[in-house]
Amino acid sequence: MSVTSSGSATYSDALEGSNAKRGLWSSRFAFILAATGSAVGLGNIWKFPYVTGENGGGAFVLVYLLCIAVVGIPIMMAEVMIGRRGGRSPVNSIRLITERDRLKPAWKLVGAIGVLAGFLILSFYSVIGGWAISYVGTTASGQLAGQSAEAVGAIFSGLLSNPSTLLLWHTVFMALVMVVVARGVRSGLERAVSILMPALFVLLLLVVGYAMTTGHFGQAAAFLFQPDFSKLTTSGVLVALGHAFFTLSLGMAVMMAYGSYLPKKISIAKTSITVSVIDTGVALLAGLAIFPIVFANGLEPGAGPGLIFQTLPLAFGQMPMGTLFGTLFFVLLIFAAWTSGISLLEPIVEWLEEQKGMNRTISTIAAGGVCWALGIASVLSLNLWADVAPLGFIPMLEGKTIFDLLDFFTANILLPLGGLLVALFAGWVMSRQAMENELSLSPTMFNLWFITVRFVTPVAVAIVFIYNLM
Ligand code: TRP
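It should be emphasised that the depicted structure is a prediction, and the values quoted were computed from it without experimental measurement.

About the cut-offs
- Residues numbered from 1 in each chain as written.
- Predicted model: local features only at pLDDT ≥ 70, side-chain atom pairs only at ≥ 80, totals over all residues.
- Heavy atoms only, no water.
- Helix = DSSP H or I, 4+ residues; strand = E, 2+ residues; numbered from the N terminus.
- Rg over C-alpha atoms; globule rule 2.2 N^0.38 Å.
- Buried < 20%, exposed > 50% of the residue type's maximum accessible area, 1.4 Å probe, protein only.
- Contact = heavy atoms within 4.5 Å.
- Lys, Arg positive; Asp, Glu negative; His and termini not counted.
- Charge placed at Lys NZ, Arg CZ, Asp CG, Glu CD.
- Near = heavy atom within 4 Å.
- Polar contact = N/O pair within 3.5 Å; in protein donor to acceptor, adjacent residues only side chain to side chain.
- Areas by Shrake-Rupley, 256 points an atom, 1.4 Å probe, with all protein chains shown as cover.
- Nonpolar A, V, L, I, M, F, W, Y, C, P; charged D, E, K, R; others polar.
- Salt bridge = Lys/Arg side-chain N within 4 Å of Asp/Glu carboxyl O.
- Expected span 1.5 Å × (residues − 1).
- Bend = angle between axes of the 7 residues up to and from the residue.
- Core = buried A, V, L, I, M, F, W, Y, C linked by side-chain atoms within 4.5 Å.
- Axes fitted to C-alpha atoms, helices over the stretch in contact; angles between N-to-C directions.
- Parallel < 35°, antiparallel > 145°, perpendicular 65-115°, else oblique.
- Left-handed = near helix turned anticlockwise from the far one by under 90°.

**Looking at the overall build of the protein chain**
- Along the backbone of the protein chain there are 19 helices and 0 strands.
- Relative to a compact globule of 470 residues, whose C-alpha radius of gyration would be 23 Å, the protein chain shows 22 Å and is just as compact.
- Looking at the 470 residues of the protein chain, the share that counts as buried comes to 58%.
- For the protein chain, restricting intrachain contacts to residue pairs at least 6 apart in sequence, the fraction spanning at least 24 positions comes to 82%.
- Positive and negative charge centroids in the protein chain, built from 24 and 21 side chains respectively, lie 12 Å apart.

This is the structure we're talking about:
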């Protein structure tokens, strides 16, 4: 199971060569920008508040934070490490590492899950990204000013009921993602991310600043941070676990793909912790921005996927300069979603380039085209197919539309499963010496991480899965 030291020297030389050809991140900062750009997205600003609202607040947030610390960060380290070790796209990195260590090629499955999850997530992610684009126009045109809750709700349901408008903005969002991916990691992604991310932080702080003036900040903070365990359900724990994977972009080998560009001398642990802390910070900030507005206006925290689109516009319609802040907010949301969307498409394109020998433009058009076409199912399940629940005969999936199913299947099943495989791969399959070299941690820290991915993570994921099946 272990590699000889002379073998591993040749190996990493070969990998260095392949990395040099593919271009490395220019610095640790560039990698953090890109990984944060991937992690911070609709998951933080759209999904975190609404799943928190649906699952009763504090206790759910606590479990989510626990999942980030105990499962998320160790798995992010494992993904980045495998990516850097393999130095190729996730599928090939895994295959390279396993073949080299003469281990079963079955582990290729990790990369395959990544490509599948990428297709499925991006298809509906792009539709929500489209909502955000549409709301820039809605807000900027000033039509929200002074509107009642009914009118704001009607604008949202009006958008959902219109397949051609949804399709238009879904198409625009997908095109934005494809343009950056087609231009390549160095020239497109890195440059885009280094401009978009700082802007995102500033704009989010602005909304939190407003939320503090609503007089309901304390209530929102209590809702988010005072755990009431009577409100926590088994499925809530699964959602918290799934969301930890979703929000950190784990379980589909995205961080593996990005790690393959990380220079050897950079600390994987420090970098992973930084990215996770920023991501969690943004989610909590988003909660602190949204819930004071929810409570100040007597709105429903558990309103579901429409939460930010139904509650925030109402608040923006009432606050001074709301048209400006509202527009800025949705622009922010597009930027966040855009960088995440890029990271969903990137590994698929990288895989097509390597595996099928296609050039980047053609791979981007092919992969983006498939996601776009798949997205049409999500568009329709918001209106014409709103009553179609393809797996409704399974009690747990009763009433779930295609859109709901894609979200449920990817975040709560596929990603934790991908993460579980990554943990098992690092904990039981990969050569320990290779991992010590890559992570270069103190022996205590290495063992802490190793025990976590070897035992804690697999057991935690397995328990949550089993409880939910019962
Ligand atoms: N993390 C992003 C968000 O919170 C979504 C995302 C981007 C993602 N890339 C991913 C989720 C890869 C899982 C895997 O919005």
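Back to the text.
**Focus on the site of the ligand**
- Taken together, 17 residues sit near the ligand, with Ala39, Gly43, Tyr125, Phe246 and Ser249 positioned nearest.
- The contact in question runs from an oxygen atom of the ligand to an N or O atom on the backbone of glycine 43, over 2.7 Å.
- One nitrogen or oxygen atom from the side chain of serine 343 is found 3.0 Å from a nitrogen atom belonging to the ligand.
- In the complex, the protein chains occlude 100% of the 360 Å² of accessible area that the ligand would expose alone.
- Listing elements by their share of the shell around the ligand, those giving two or more residues are helix H2 (28-39), helix H3 (42-54), helix H6 (108-140), helix H11 (234-247) and helix H15 (322-356).
- Taken together, the residues that form the shell around the ligand break down as 9 nonpolar, 8 polar and no charged.

**Quick notes on the pattern of salt bridges**
- Enumeration over the complete set of coordinates arrives at 8 salt bridges.
- Among the salt bridges present, the one from glutamate 438 reaches arginine 84, with a minimum N-O distance of 2.7 Å. Here glutamate 438 is found in helix H18 (residues 432-439), whereas its partner arginine 84 is found in helix H4 (residues 58-86), with 354 residues between them in sequence.
- The salt bridge partner of lysine 264 is glutamate 438, with a shortest N-O separation of 3.0 Å. Here the residue lysine 264 occupies a position in the loop between helix H12 (254-259) and helix H13 (268-296), and glutamate 438 occupies one in helix H18, the gap between them amounting to 174 residues.
- Relative accessible area serves as the criterion here: at 25%, lysine 264 is assigned to the partly exposed category.
- A relative accessible area of 4% means that glutamate 438 is categorised as buried.

**Regarding H4**
- With 29 residues, H4 extends 40 Å from end C-alpha to end C-alpha; this agrees with the ideal 42 Å at 1.5 Å per step.
- Its maximal kink placed at glycine 72, H4 deviates by approximately 35°, while the proline proline 74 follows within four residues.
- A positive phi of about 65° marks glycine 87, the residue just after H4.

**Side note on the nonpolar core**
- Ranked by size, the top nonpolar core spans 156 residues in total, and within it Trp131, Phe309 and Trp449 carry the most contacts.
- Discounting residues that sit within four places of it in the chain, tryptophan 449 has contacts with Pro74, Met77, Ala78, Met81, Ala426, Met435 and Leu439.

**Description of the packing of H4 against helix H17 (residues 402-429)**
- Contact geometry of H4 with H17 gives a least axis separation of 9 Å together with a crossing angle of 70°. Between H4 and H17, the crossing angle belongs to the class labelled roughly perpendicular. As for how H4 packs across H17, the hand of that crossing is left-handed. Here Ile75, Ala78, Glu79, Met81 and Ile82 of H4 lie close against H17, whose contacting residues are Gly419, Val422, Ala423, Phe425 and Ala426.
- Residues that form the contact of H4 with H17 fall into these classes: 8 nonpolar, 1 polar and 1 charged.

**Looking at the side chain of threonine 457**
- Take threonine 457: it is sitting in helix H19 (residues 443-469).
- Once residues within four sequence positions are removed from consideration, threonine 457 is found in contact with Val70, Val71, Ile75, Ala423 and Thr452.

**Let's talk about unusual backbone geometry**
- Phi is positive for serine 249, close to 60°, though the residue is something other than glycine.
- Inspection of the secondary structure puts serine 249 in the loop between H11 and H12.
- Within the chain, alanine 253 stands out as a residue other than glycine whose phi angle is a positive 70°.
- Checked against the element boundaries, alanine 253 lands in the loop between H11 and H12.

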